[in-house]
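# Structural overview
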Amino acid sequence: MGNADFGYLSKANGDNNGVQRVEVPPPQPFLKSLHYNLKETFFPDDPLRQFKNKPASKKFIMGLQYLFPIFEWAPRYTFQFLKSDLVSGITIASLAIPQGISYAKLANLPPIYGLYSSFIPPLVYAMMGSSKDLAVGTVAVASLLVASMLGSEVNATENPTLYLHLAFTATFFAGVFQASLGLLRLGLIVDFLSHATIVGFMGGAATVVCLQQLKGILGLEHFTHSTDIISVMRSVFTQTHQWRWESGVLGCCFLFFLLVTRYFSKRKPKFFWISAMAPLTSVILGSLLVYLTHAEKHGVEVIGELKKGLNPPSITNLVFVSPYLMTAIKTGIITGVIAMAEGIAVGRSFAMFKNYNIDGNKEMIAFGMMNIVGSCTSCYLTTGPFSRSAVNFNAGCKTAVSNIVMAIAVMITLLFLTPLFYYTPLVVLSAIIMSAMLGLIDYEAAIHLFKVDKFDFIVCMGAYLGVVFANIEIGLIIAVTISLLRLLLFVARPRTVVLGNIPNSKIYRNIEHYPNANQVPGVLILEIDAPIYFANSSYLRERIIRWIDEEEDRLKSSGECSLQYVILDMSTVGNIDTSGISMLDEVKKLLDRRDLKLVLANPVAEVMKKLDKGKFIENLGQEWIHLTVGDAVAACNFMLHTCNKPSSVKEESEQWNNIV
């Protein structure tokens, strides 16, 4: 039941004054209650609603369309859609090819595997994904995570085959984890990665990736495997004698070109294609420059030979034996969560622009299946990167066919065009990565967090500094830990506020928020702003008693009528456990010893049900539970109209019975 549920209403027997009582909800069978709670937890969108009252054949077709959305929209596909998707697919292919090669190098994998990962996964997503705008491929952050986590166990240079097989295995486990979350409707796990966490984590990862590219920009052969800024800077400045000016000049020129084109496209959205084509243009120009000047003989490293042909099968290369199995599982789960969070966030962002909805759990199944299939076809982790999806969106894509067009373009490249990348300088790939990563450092979002919520800003900076000064895993752990700590603080230390009456109304609000609100003489009204659980029951007991002590001191110093009633507004108390009921019992006993009366206002149905089962209502007396704060205040005022307290609780109850 929601907070707006004011309980079940009935008129008391013999009630001639229209006084409404708060009734205890009728009992429900345990299985029915459990079914309701599970449904609200795991099926808030009620995906099975569409299957109700449908024949078996229709249910089968609808189930097939649910798992494979392509069967739903393909019959309505038109030639106009194809023209738009064709342009979008070719445009994102021009970005996907150089990015795929670049990000594979970032993951310490042979460049060809970046192209493999841009061929099979987009085809799987086109059949199973629900987003019209998401463009699937490898991402820099996941690539860096793979390099960092696997690199700590296996050296990619000394043992490249094992490293490659572990990358496939980590991708397999990432896919299994993602698909399992989707099938079990456990997408709520991703919700623990708050917006502030993602902003800080992405910014820190982007900073680390940029720093790692100094190896390529400066033409260094030996470089640290650590990702923290101190190790990277030490590695850079202890090798100043090995810096290659040719590589540095070339890298800075291409980085400047890429940043200028991106800035221009951002200022002039109609020319989005200029920024989209810039990476491929850089690869072509860089390759021509190296080929014509023989720069590879003067310290400019090139990609070298790329194998022709489509993805070879890799299912037999998956590693399921010790001691590397746990490393692959850990890498897969962490990279899978990050990739999934980014992909779903990007998909939802663009879906909002076009006014359609995407199913987060269905997206997780699609991501999981494309990574499972990808791990068996020589691909490493893929998701829906923001940069590629933004280009797809701006190019006017209509459906996921744009992913199919991109995959076909990559297939043609794999079959016929890979020799053309022989002379592509690595420094150009470094410039492409740096250009893409600078866009992920969202300092404007960090400033916004600082202005709106300082705690969110601390979470953001915790993630950023953890990634930059330690490593990616520690940064992520710091951010999630701070977020969970905040969540626990919200539960364990809920707000309690004093309510006052807005003049000339029956409305009661926080007196700090509304300074013109007047406190009711002899009555203290407290609002509890959270469910009452074992984690906060002790705190709430102490806080309520402190409010009472402070109010009595205030009344004594001002000479006003002494405090006689304490009203607890339970409107926002969505639930209560046995510890909470015990706390209310203790508060009532303390108030009885001080000749004060406890009154409850507006408890919701779930709370009423538990208070009744816990015998608290019987102990308190149902006449002291009211539908609204106004009703509670009216009842208390009737007792206080002479400012004389009844001599006993019994006499007070008799006076109350005269009201009703």
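Residues numbered from 1 in each chain as written. Predicted model: local features only at pLDDT ≥ 70, side-chain atom pairs only at ≥ 80, totals over all residues. Heavy atoms only, no water.

Turning our attention to the layout of surface pockets. Size it by volume and the second largest pocket reaches roughly 1,200 Å³. Lining the second largest pocket are 47 residues; nearest its centre among them are Lys105, Asn108, Thr157, Lys215 and His225. Where the lining of the second largest pocket is concerned, the elements lending two or more residues are α4 (79–106), α7 (140–151), α8 (160–183), α10 (214–218) and α18 (426–438). For the lining of the second largest pocket, the leading source of residues is α18, giving five residues. Residues of the lining of the second largest pocket, tallied by class, amount to 19 nonpolar, 21 polar and seven charged. (1 Å grid on protein atoms, 1.4 Å probe; cavity = no way out; pocket = protein on both sides within 12 Å on 5 of 7 lines; lining within 4 Å. Points joined across faces, edges and corners; volume = space filled by probe spheres on them. Helix = DSSP H or I, 4+ residues; strand = E, 2+ residues; numbered from the N terminus. Nonpolar A, V, L, I, M, F, W, Y, C, P; charged D, E, K, R; others polar.)

Moving on, we get to the pairing of strand β3 (residues 496–501). The side chains of a regular strand alternate between both faces of the sheet. Here β3 lies mainly inside the structure; six of its six residues are buried. Sheet topology note: the β3/strand β4 (residues 508–510) ladder contains three bridges and is antiparallel. Each bridged residue has a counterpart across the sheet, and for Asn501 the counterpart in β4 is Tyr508. In this structure, the hairpin formed by β3 and β4 is closed by a connection of six residues, where Asn504 is found at a positive phi of approximately 60°. (Buried < 20%, exposed > 50% of the residue type's maximum accessible area, 1.4 Å probe, protein only. Pairing = 2+ DSSP bridges.)

A word on the confidence of the model for the chain. Here the chain shows a mean pLDDT of 84. Residues at 70 or above account for 92%. Across residues 642–650 the pLDDT falls below 50, and counting only partners more than four positions away or on other chains, this stretch makes twelve contacts in the model. Contacts from residues 655–660, a stretch scored under 50 in pLDDT, to residues over four places away or in other chains number 17 contacts. (pLDDT = per-residue confidence, 0-100. Contact = heavy atoms within 4.5 Å.)

Okay, empty space enclosed by the protein next. Scanning all chains against the criterion turns up two cavities of 30 Å³ or more. Estimates place the volume of the largest cavity at around 60 Å³. Surrounding the largest cavity, Leu193, Thr197, Ile198, Phe201, Met202, Ile338, Ala341, Glu342 and Leu476 form its lining. Counting only elements with at least two residues in the lining of the largest cavity, the list comes to α9 (195–212) and α14 (325–353). For the lining of the largest cavity, the residue count by class is seven nonpolar, one polar and one charged. Considered as a void within the structure, the second largest cavity measures approximately 30 Å³ in volume. Here the element with the most residues in the lining of the second largest cavity is α8; it accounts for four residues. Tallied by class, residues from the lining of the second largest cavity come to six nonpolar, two polar and no charged.

UniProt records the feature "domain: STAS" (unreviewed entry) for residues 513–636 in the present numbering. Counted over residues 513–636, helix gives 48% and strand 15%. Its end C-alpha atoms are 24 Å apart. (UniProt positions renumbered as here; feature names shortened; annotations may be inferred.)

The final tally for this structure, using the stated rule, is 17 aromatic pairs. With a centroid separation of 5.9 Å and 90° between ring planes, the pair formed by Phe173 and Phe320 is classed as edge-to-face. Taken together, the positions of Phe173 in helix α8 and Phe320 in the loop between α13 (272–293) and α14 put the pair 147 residues apart, joining distant regions of the chain. Under the relative-accessibility criterion, Phe173 is labelled buried at 17%. Taking the centre distance of 6.4 Å and the plane angle of 55° together, the rings of Phe271 and Trp273 count as tilted. Three or more aromatic residues joined by ring pairs make a cluster, and in this case those are Trp73, Tyr77 and Phe81. Between the NZ or CZ atom of Lys132 and the centre of the ring of Tyr356, over which it lies, the distance is 4.8 Å. Above the ring of Phe450, the side-chain terminus of Lys454 is found at 4.7 Å from the ring centroid. (Phe/Tyr/Trp six-rings, centres within 6.5 Å; stacked < 30°, edge-to-face > 60°. Lys NZ or Arg CZ within 6 Å of the ring centre and 35° of its normal.)

Attention now moves to α13. Side chains of residues three or four places apart in an α-helix project in the same direction, reflecting 3.6 residues per turn. The end-to-end C-alpha distance of α13 is 32 Å, a good match for the 32 Å that 22 residues give at a rise of 1.5 Å each. Ala278 marks where α13 bends most, by close to 40°; the proline Pro279 follows one to four residues later. Buried within α13 we find Phe272, Ala276, Ala278, Pro279, Leu280, Ser282, Val283, Gly286, Ser287 and Val290. Immediately downstream of α13, the backbone of His294 shows phi near 55°, a positive value. (Expected span 1.5 Å × (residues − 1). Bend = angle between axes of the 7 residues up to and from the residue.)

Here the residue pair Ser322 and Pro323 is connected by a cis peptide bond, since its omega of 5° sits within 30 degrees of zero. Within the fold, Pro323 resides in the loop between α13 and α14. Positive phi, normally seen in glycine, also occurs at Lys615, with a value near 65°. With respect to the helices, strands and loops of the structure, Lys615 is situated in the loop between α24 (605–613) and α25 (616–620). You can call Lys615 exposed: its relative accessible area is 54%.

What follows deals with the side chain of Asn575. Position of Asn575 relative to the elements: it lies in the loop between β6 (565–569) and α23 (578–593). A polar side-chain atom of Asn575 sits 2.9 Å from a polar atom in the side chain of Lys610. If we skip the residues at most four places from it in the chain, Asn575 touches Pro531, Ile532, Tyr533, Glu606, Val607 and Lys610. (Polar contact = N/O pair within 3.5 Å; in protein donor to acceptor, adjacent residues only side chain to side chain.)

Where α7 contacts α9, the two axes come as close as 10 Å, and the packing angle between them is 70°. By the criterion of interaxial angle, the relationship of α7 to α9 is roughly perpendicular. Relative to α9, the crossing made by α7 is left-handed. Residues Ala140, Val141, Leu144 and Leu145 of α7 touch α9, and the partners they reach there are Phe201, Met202, Ala205, Val208, Val209 and Gln212. (Axes fitted to C-alpha atoms, helices over the stretch in contact; angles between N-to-C directions. Parallel < 35°, antiparallel > 145°, perpendicular 65-115°, else oblique. Left-handed = near helix turned anticlockwise from the far one by under 90°.)

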